Amino acid sequence: EGLDLTANMFFNFDGLREGGRIYARGAYTHLFKYDYFPADGEPADAQDGEIGTADNRFTASVGFDSDLFRLGFTGTYIDSSNEDDQFCAAFGAEPGCVSVPAEFYLDMQASLAPAEQLELYFGVDNLLDNDAPGIYTNTTFNVTGSDTAADVYDIFGRRYYVGARFRF
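Rules behind the numbers
- Residues numbered from 1 in each chain as written.
- Predicted model: local features only at pLDDT ≥ 70, side-chain atom pairs only at ≥ 80, totals over all residues.
- Heavy atoms only, no water.
- Helix = DSSP H or I, 4+ residues; strand = E, 2+ residues; numbered from the N terminus.
- Rg over C-alpha atoms; globule rule 2.2 N^0.38 Å.
- Buried < 20%, exposed > 50% of the residue type's maximum accessible area, 1.4 Å probe, protein only.
- Contact = heavy atoms within 4.5 Å.
- Phe/Tyr/Trp six-rings, centres within 6.5 Å; stacked < 30°, edge-to-face > 60°.
- Lys NZ or Arg CZ within 6 Å of the ring centre and 35° of its normal.
- Patch = residues over 30% accessible without salt bridge, like charges linked within 9 Å, V, L, I, M, F, W, Y side chains within 5 Å.
- Areas by Shrake-Rupley, 256 points an atom, 1.4 Å probe, with all protein chains shown as cover.
- Salt bridge = Lys/Arg side-chain N within 4 Å of Asp/Glu carboxyl O.
- Polar contact = N/O pair within 3.5 Å; in protein donor to acceptor, adjacent residues only side chain to side chain.
- Pairing = 2+ DSSP bridges.
- Axes fitted to C-alpha atoms, helices over the stretch in contact; angles between N-to-C directions.

S.K.: Is there a simple way to explain the overall build of the protein chain in this structure?
M.R.: Per the secondary structure count, the protein chain includes one helix and 11 strands. If you list the helices and strands of the protein chain from N to C, you get β-β-β-β-β-β-β-α-β-β-β-β. The C-alpha radius of gyration of the protein chain comes to 21 Å, more than 25% above the 15 Å expected for a compact globule of 168 residues. Each principal axis of the C-alpha atoms in the protein chain carries an extent, and together these give about 65 × 30 × 30 Å. Expressed as a percentage of its 168 residues, the buried residues of the protein chain come to 30%. Taking the intrachain contacts of the protein chain between residues at least 6 apart in sequence as the baseline, contacts between residues at least 24 apart amount to 59%.

Right, dumping it as structure tokens:
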């Protein structure tokens, strides 16, 4: 059970380029309750607020685009989260015995289309070079040996990409 909100807006902006527009998009998720049932008849395992099912998550994008070029930024916020309560209980600890702080990742994308058949693009993922939060080895959410939940957090750090698209 949760709440999902999305908003999109854009307006024409010829200040940088005729036919240009500025856009903003946002998506927010708040998780009220997320129960997992391991088998029929078994009690529910509450997973809301745990790593991978954070109570709050927000993604927003802002940018400018036109026929000639685009520039955009995308930010993702993942709320602080706890280790699985079942894992904590197995060691006689209270739920939330291990927690990770909130994370924010920022990506940047840019492209240039000098001709109708050609687009050149460039981007930076994890622009702020944030490290993924450390999670103890052999815990519920660190099963990849990467010392974090690799399916939730960015394990690679800042990285760049560049490319070209041709249309025929």
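Now that the structure has been shown, we can carry on.
S.K.: Honestly, the side chain of aspartate 65 in this entry has me stumped. Any pointers?
M.R.: In this fold, aspartate 65 is placed in strand S5 (residues 56–65). On the accessibility criterion, aspartate 65 (14% relative accessible area) is buried. When neighbours within four sequence positions are excluded, aspartate 65 is seen to be in contact with Gly19, Gly20, Arg21, Tyr23 and Arg70.

S.K.: Would you explain the packing of aromatic side chains in this entry?
M.R.: A ring pair, where both rings are aromatic, is described by two values, the distance of the centres and the angle of the planes. Per the stated rule, a full pass over the model turns up four aromatic pairs. With centroids separated by 6.5 Å and ring planes inclined at 50°, the aromatic side chains of tyrosine 28 and phenylalanine 58 adopt a geometry described as tilted. Highlighted residues: tyrosine 28 in strand S2 (residues 21–31) and phenylalanine 58 in strand S5, separated in sequence by 30 residues. Aromatic ring contacts, followed pair by pair, group Phe13, Phe64 and Phe69 into a single cluster. The residue whose ring lies beneath arginine 21 is phenylalanine 10, and the NZ or CZ to ring-centre distance is 4.4 Å. The ring of tyrosine 121 is capped by arginine 165, whose NZ or CZ atom sits 4.3 Å from the centre of that ring.

S.K.: Looking at this structure, how should I read a nonpolar patch on the surface?
M.R.: A surface patch of nonpolar side chains, about 340 Å² in accessible area, is lined by Phe58, Tyr77, Phe104 and Leu128. The partly exposed category is assigned to phenylalanine 58, whose relative accessible area is 34%.

S.K.: Help me understand the environment of glycine 63, please; the structure alone is not making it clear to me.
M.R.: With respect to the helices and strands, the residue glycine 63 is situated in strand S5. Between the C-alpha atom of glycine 63 and that of glutamine 109, which follows or precedes it by 46 residues, the distance is 9.1 Å. In this view, glycine 63 contacts Arg21, Ile22, Tyr23, Leu71 and Gly72; residues no more than four positions away in its chain are not counted.

S.K.: Hey, could you run me through the side chain of threonine 53 in this one?
M.R.: Mapped onto the secondary structure, threonine 53 falls in the loop between strand S4 (45–46) and S5. Residue classification places threonine 53 among the buried residues on the basis of a relative accessible area of 16%. Look past the residues within four positions of threonine 53 in its chain and what remains in contact with it is Leu31, Tyr34, Gln47 and Asp48.

S.K.: Can you help me understand the environment of aspartate 55 in this one?
M.R.: Examined against the element boundaries, aspartate 55 turns out to sit in the loop between S4 and S5. Between the C-alpha atoms of aspartate 55 and threonine 29, which are 26 residues apart in sequence, the distance is 7.8 Å. Setting aside residues no more than four positions away along its own chain, aspartate 55 makes contact with Thr29, His30, Leu31, Asp48, Gly49 and Asp79. Polar side-chain contacts of aspartate 55 include one of 3.2 Å to the backbone nitrogen of glycine 49.

S.K.: How should I be thinking about the sheet that holds strand S10 (residues 118–125) in this particular structure?
M.R.: The strands that make up a sheet pair up through hydrogen bonds in the backbone, lying either parallel or antiparallel. With respect to topology, seven strands assemble into an open sheet ordered S1-S2-S5-S6-S9-S10-S11, the strand pairing being antiparallel. With partners counted over all chains shown, the strands left at the sheet margins are strand S1 (2–12) and strand S11 (159–166), one partner each. For this sheet the average axis-to-axis angle between neighbouring strands, irrespective of direction, equals 10°. Two strands pair when backbone bridges link them, and S10 and S11 are joined in this way by eight bridges, in the antiparallel orientation. If you follow glycine 123 over to S11, its bridge partner there is tyrosine 161.

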